[in-house]
Structures are given as C-alpha cells and as structure tokens.
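# Observations on chain architecture
Here are the chains, one letter per residue:
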Amino acid sequence: MRFFFRSRQFKIIVSVLAIVIAVSAVFGLIGRRMAPQTDIAGTVAAPVRQLATTVKNAFSDFITAYSDGNALMLENAELKSQLNDLREKVADYDSIKTQNDFYKDYLEIKEKNPDLKMCGATLISRDSDDIYQGFLINKGSMSGIKKYDPVITDEGLVGYVTEVGLTTSKVTTLISPELTVGALNSRTDDSGIVSGNLDLSKSGLCRFSNLARSCSVAIGDYVVTSGEGIFPKGILIGSIDSIGTDKLNTSIYADIKPFVDFSEIRGVMVITSFNDKGGINPEEEEK
C-alpha cells in the first residue's frame, strides 16, 4: 500500500480533493459574511460544499476499500503459503508411505532368505536403444553395488548389474541373451537354464532350455532360480507359457513369461551379498 501513496495517481487525487475543499471553504466564508436575504454566494456555495463532501466521502471510502483490499491480499498470500506447506507435508507423507510399502513388499523375501543383503534403488532412465529393456538405477559402487549383482522386485527376478559407476548402475534384464540363469521347475524340480533371445524378447518372453526329455514340466508351472552361480536359490522367474522340443530332438524347452513387467519397473532391490554365492568372479572376468 505504501507504493500507492507515493504514486502519481494518488498525488492527483489529493490535489483535486484539496482544490474542492478550498473552493468550498471560500464560498462558505463569503456566505457567512452576507445577509441571509442576499445570500447568493451561500446558494452558489451549497453545491460546491456538497461536492466537496461527496468527494471527501468517496476518497475516504476508496482509502478504506484499498486498505481492506490490501489486507485481503495479504491474507490470501498467507493462506496460499499455508496451502503450499500442507501440500509439501502431504507429498512427504506420500513419499514416506510409498517407501514403507516398497520395503514391506520385500520383507517376506528377507524372512525366507535372512542371509540376503539388499540395497534399494530407483530406476532413473531407460536405454531406448536396448531392445531387451535394460535401464539405469540411481545406486552404484558407493552403495556397495558390484557387477553381476542380482536385481529383483517383489514380483521376482529382473536381471543383474552389468555396469557400475559411483552413483549409478546399468541393469540387464532377464530377456537378454547376455544373461544365463540356472533354474528349476518349482513343482517337479526339473532343472535347466533360463536365457533370452531376440525373437522371444519381442514378446517379452525368455527360454527355459536343456530340460531332459523325461521331464514332466507343464504349462503354468512356476520356474525359480536354482541357486547355482550368482543368483540366490528360490527367486521367482516366471511361469511356463509353452513347451517344445529342440531341432535335434534331444531335449525339451519351455518358453517363460517373466513375473516382472519390465516396462512397469520403478524401484528395485539389488542383492549385494548372500551365502554360498558363486559363479562369475568379476576380477577374473575383467582380466
């Protein structure tokens, strides 16, 4: 409001009001000095005095309205600030609740596998050139993550870490031919190897191969990790979608629909350590 009182418009209003009041005062003074029967000046001054009163009242009303408006503006600003604070608190609550739900989903896995050490991570970008839906997460070596660490969600196996930076890591998914997993049919214990290939990846599938012809796998059976190599035992992989025989007719294979929808991943857990971990030695592999 102090800026309005310094403005040119305010100075003009005050000047006009002063002139009207001055003219009114002059005519009033002349009117009082003349006799009532010849009070021509009083008659003339009456409208002027009325105008002055009107202008004065209007100016007073304007100042009052402006002051009330300014107070209302300040009140609105305060309410907006309170609303923003409330929104921030709601956002914080939602963030904490989401995080708690995220960790709660992994509690059952942790209870079944108390030896597992896991690090939560968030997907930060997808590799648009990777037809196998690889992605980048926001954790790296500073968080204890290493190359070939398994990556899971609460639904099952995602893949493993193939590149590690200080604060980020690249994850290669289960449908990539780069990844090979020792696996078991959870119902029959028939063993084989799960890996991806180009044709199956287009349908979001991977293959459970090297199954003995005498195996009794069936469509709908669950496939889990066998615990051999770099993956812990018992991590869900997917369900059998179809069954076939290889070209040499020496073994059976089954195509698997992974339990994890790679396109919907937002957060993952990286398994940084577990008992009896074997398989690839990163140091030897790099040599």
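Quantities reported herein were computed from a predicted structural model and do not represent experimental measurements. Throughout this description, residue numbers start from 1 for each chain and increase along the sequence as written. It should be noted that, the model being predicted, local features are given only for residues of pLDDT at least 70 and side-chain atom pairs only at 80 or more, the latter also being counted only at that level, while totals for whole chains, interfaces and linings use all residues. To get the side-chain values, all heavy atoms of the structure are used, and hydrogens and water are removed first.

With that settled, the discussion passes to the overall build of the protein. Starting at the N terminus, helices and strands are each numbered in turn, a helix being any DSSP run of H or I of at least four residues and a strand any DSSP run of E of at least two. Scanning the protein from N- to C-terminus turns up six helices and 12 strands. Residue exposure (1.4 Å probe, protein chains only): buried if accessible area is under 20% of the type maximum, exposed if over 50%, otherwise partly exposed. Out of the 287 residues belonging to the protein, those deemed buried represent 35%. Expressed as a percentage of contacts within the protein between residues at least 6 apart in sequence, the contacts between residues at least 24 apart total 58%. A total of about 17,500 Å² of accessible surface is found on the protein, and carbon and sulfur atoms cover 55% of it. Whether two residues are in contact is decided by their heavy atoms: any pair within 4.5 Å suffices. Accessible areas in this description were obtained via Shrake-Rupley with a 1.4 Å probe; residue shielding takes into account the shown protein chains only.

Attention now moves to the nonpolar core. Counting 44 residues, the largest nonpolar core has Leu174 and Val194 as the members making the most contacts within it. In contact with Val194, not counting residues within four places along its chain, are Leu174, Leu179, Thr180, Val181, Ala183, Cys206, Arg207, Phe208, Val223, Ile237 and Ile256. What is meant by a nonpolar core is a set of buried Ala, Val, Leu, Ile, Met, Phe, Trp, Tyr and Cys residues, joined one to another through side-chain atoms within 4.5 Å.

Before going further, it helps to examine the pattern of salt bridges. Within this document, salt bridges are pairs made up of a side-chain nitrogen of Lys or Arg and a carboxyl oxygen of Asp or Glu, the two lying within 4 Å of each other. Applying the stated criterion across every chain yields a total of four salt bridges. Across the pair Asp127 and Lys170 runs a salt bridge, and its minimum N-O distance is 3.8 Å. Within this pair, whereas Asp127 is found in the loop between β1 (117-126) and β2 (135-137), its partner Lys170 is found in strand β5 (residues 169-173), the two being separated by 43 residues in sequence. By relative accessible area, Asp127 is classed as partly exposed at 30%.

The pairing test for Phe, Tyr and Trp rings, Trp by its six-membered ring, is centres within 6.5 Å, and the orientation test on the planes gives stacked under 30 degrees, edge-to-face over 60, and tilted for anything in between. As enumerated under the stated definition, the model contains three aromatic pairs in all. Between the aromatic rings of Tyr160 and Phe231, the centroid separation amounts to 6.2 Å while the plane-to-plane angle is 15°, which identifies the pairing as stacked. Taken together, the residues Tyr160 in strand β4 (residues 156-164) and Phe231 in the loop between β9 (222-225) and β10 (236-245) connect sequence positions 71 residues apart. Taken together through their ring pairs, the aromatic side chains of Tyr148, Tyr160 and Phe231 make up a single cluster.

The next thing to look at is a negative patch on the surface. Residues enter patches when their relative accessible area tops 30% and they take part in no salt bridge; the joining distance is 9 Å for like charges and 5 Å for the nonpolar side chains Val, Leu, Ile, Met, Phe, Trp and Tyr. For the charge count, each Lys or Arg is scored as positive and each Asp or Glu as negative, with His and the chain ends excluded. Charged groups are reduced to one reference atom each: NZ for lysine, CZ for arginine, CG for aspartic acid, CD for glutamic acid. On the surface, Asp154, Glu155, Asp261 and Glu264 cluster together into a negatively charged patch. Topologically, Asp261 is positioned in the loop between β11 (252-258) and β12 (267-273). Of the residues examined, Asp261 reaches a relative accessible area of 40% and is grouped as partly exposed.

Bringing the sheet that holds β4 into the picture now. Between any two strands, pairing holds if DSSP finds at least two bridges. Around the barrel, which closes on itself, the six strands sit in the order β1-β2-β5-β4-β3-β12 with antiparallel pairing between neighbours. Here the average twist between neighbouring strands, direction ignored, is 45°. Inspection of the sheet shows β1 paired to β12 by six bridges, in the antiparallel sense. Directly across from Lys117, in β12, lies its bridge partner Ser273. For helices, the fitted line uses only the C-alpha atoms of the stretch in contact; every axis is such a line through C-alpha atoms, and the angle between N-to-C directions lies from 0 to 180 degrees.

Around the barrel, six strands lie side by side as β6-β7-β8-β11-β10-β9; this closed barrel has antiparallel pairing. On average, adjacent strands in this sheet sit at an angle of 40° to one another, irrespective of strand direction. Sheet topology places strand β6 (residues 180-185) next to strand β7 (residues 191-195); five bridges connect them, and they run antiparallel. When the sheet's bridge partners are listed, Thr180 is paired in β7 with Ser195.

Moving on: the environment of Phe274. Inspection of the secondary structure assignment puts Phe274 in the loop between β12 and α6 (282-286). Classification of Phe274 by relative accessible area gives buried; the value is 8%. Distance from Phe274 to Pro232, taken between C-alpha atoms, is 7.0 Å for residues 42 residues apart in sequence. Apart from the residues lying within four places of it in its own chain, the contact partners of Phe274 are Asp115, Leu116, Gly229, Ile230, Phe231 and Pro232.

Counted residue by residue, β11 has five buried out of seven residues, so it is predominantly covered. With seven bridges joining them, β10 and β11 adopt antiparallel strand pairing. Residue pairing in the sheet places Ser239 in a bridge with Lys257 of β11.

One ladder, built from three bridges, connects β6 with β9; its direction is antiparallel. Among the inter-strand pairings, Asn185 is bridged to a residue of β9, identified as Val223.

This brings us to the confidence of the model for the protein. Per-residue confidence from the prediction method is given by pLDDT, with values spanning 0 to 100. Scored by pLDDT, the protein has a mean of 78; 61% of the residues are at 70 or more. Note on residues 34-41: pLDDT under 50 across the span, and five contacts to partners over four residues away in sequence or across chains.

Despite not being glycine, Tyr148 has its phi angle at roughly 75°, a positive value. For Tyr148, the location among the structural elements is in the loop between β2 and β3 (150-153). By relative accessible area, which is 8% here, Tyr148 ends up buried.

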